[in-house]
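Listed below, chain by chain, are the residues.
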Amino acid sequence: QVQLVESGGGLVQAGGSLRLSCAASGRTFGTYAMAWFRQAPGKEREFVAAITWSGGSTFYADSVKGRFTISRDNAKKTVYLQMNSLKPEDTAVYYCAATKSVAVTTQTQYGSWGQGTQVTVSS
């Protein structure tokens, strides 16, 4: 398994941007599909975006499509989530996750999780 550490969260006004990073340890990062999930207060954790091990394919929740971009740098063992045109409803704790399976939206398929980073969007 890999260990994951997220960073880049913070407070931003609606319409603003943030870039989250997720740094991984371990020598096999390049063999994992990666994803971002989020959990808002009082709500269940939900899928945000995923990327295949090569970075060749990406997947997004409808709520973030066109505003968020997931990417990865296997040499740096890091996955990113660029978030633009942020809305108050994007406020949540954002988690990155890794799976040896294909990039999927189902969180039970992910065996490694970071501790999360808080994103707060003010109106």
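Description of the structure in this document.

## Examining the side chain of Asp 90
- Summarising the element assignment, Asp 90 is placed in the loop between β8 (78-83) and β9 (92-99).
- In this structure Asp 90 touches Arg 38, Arg 67, Phe 68, Ser 85, Val 119 and Val 121, once residues within four positions along its chain are discounted.

## A look at unusual backbone geometry
- A positive phi angle, close to 55°, is found at Lys 77, a residue other than glycine.
- The residue Lys 77 is located in the loop between β7 (68-73) and β8 in this model.
- Of note, Ser 85 is a non-glycine position whose phi angle comes to about 50°, a positive value.
- Examined against the element boundaries, Ser 85 turns out to sit in the loop between β8 and β9.

## A few points about the side chain of Thr 91
- On the secondary structure map, Thr 91 appears in the loop between β8 and β9.
- When its relative accessible area of 18% is taken as the criterion, Thr 91 is described as buried.
- For Thr 91, the side chain forms a polar contact with the main-chain oxygen of Pro 88, separated by 2.9 Å.
- Within polar-contact distance, the side chain of Thr 91 engages the backbone nitrogen of Val 121 at 2.9 Å.
- Residue contacts for Thr 91: discarding those within four places in its chain leaves Ala 40, Pro 41, Gln 118, Val 119, Thr 120 and Val 121.

## Digging into the environment of Ser 54
- Its place among the elements puts Ser 54 in the loop between β5 (46-51) and β6 (58-60).
- Ser 54 sits in the partly exposed class, given a relative accessible area of 45%.
- Each C-alpha atom of the pair Ser 54 and Gln 3 lies 19 Å from the other, and the pair is 51 residues apart in sequence.
- A polar atom in the side chain of Ser 54 sits 3.1 Å from the backbone nitrogen of Gly 56.

## What about the state of the cysteines?
- Counted according to the given criterion, the structure contains one disulfide.
- At a sulfur-sulfur separation of 1.9 Å, the disulfide partner of Cys 22 is Cys 96. Disulfide Cys 22 to Cys 96: torsion about the S-S bond roughly 45°, handedness right-handed. Of this pair, Cys 22 sits in strand β3 (residues 18-25) while Cys 96 sits in strand β9, placing them 74 residues apart in sequence. With respect to class, Cys 22 is no different from Cys 96; both count as buried.

## Let's talk about the pairing of β7
- Where burial is concerned, the two faces of β7 differ: the one with Phe 68, Ile 70 and Arg 72 is buried and the one with Thr 69, Ser 71 and Asp 73 is not.
- Of the pairings in the sheet, the one linking β7 to β8 comprises six bridges and is antiparallel in character. When the sheet's bridge partners are listed, Thr 69 is paired in β8 with Gln 82.
- In textbook terms, the turn of a hairpin is the stretch between consecutive antiparallel strands, and for β7 and β8 this stretch comprises four residues, one of which, Lys 77, has a positive phi near 55°.

Analysis parameters
Residues numbered from 1 in each chain as written. Predicted model: local features only at pLDDT ≥ 70, side-chain atom pairs only at ≥ 80, totals over all residues. Heavy atoms only, no water. Helix = DSSP H or I, 4+ residues; strand = E, 2+ residues; numbered from the N terminus. Contact = heavy atoms within 4.5 Å. Buried < 20%, exposed > 50% of the residue type's maximum accessible area, 1.4 Å probe, protein only. Polar contact = N/O pair within 3.5 Å; in protein donor to acceptor, adjacent residues only side chain to side chain. Disulfide = S-S within 2.5 Å. Pairing = 2+ DSSP bridges.

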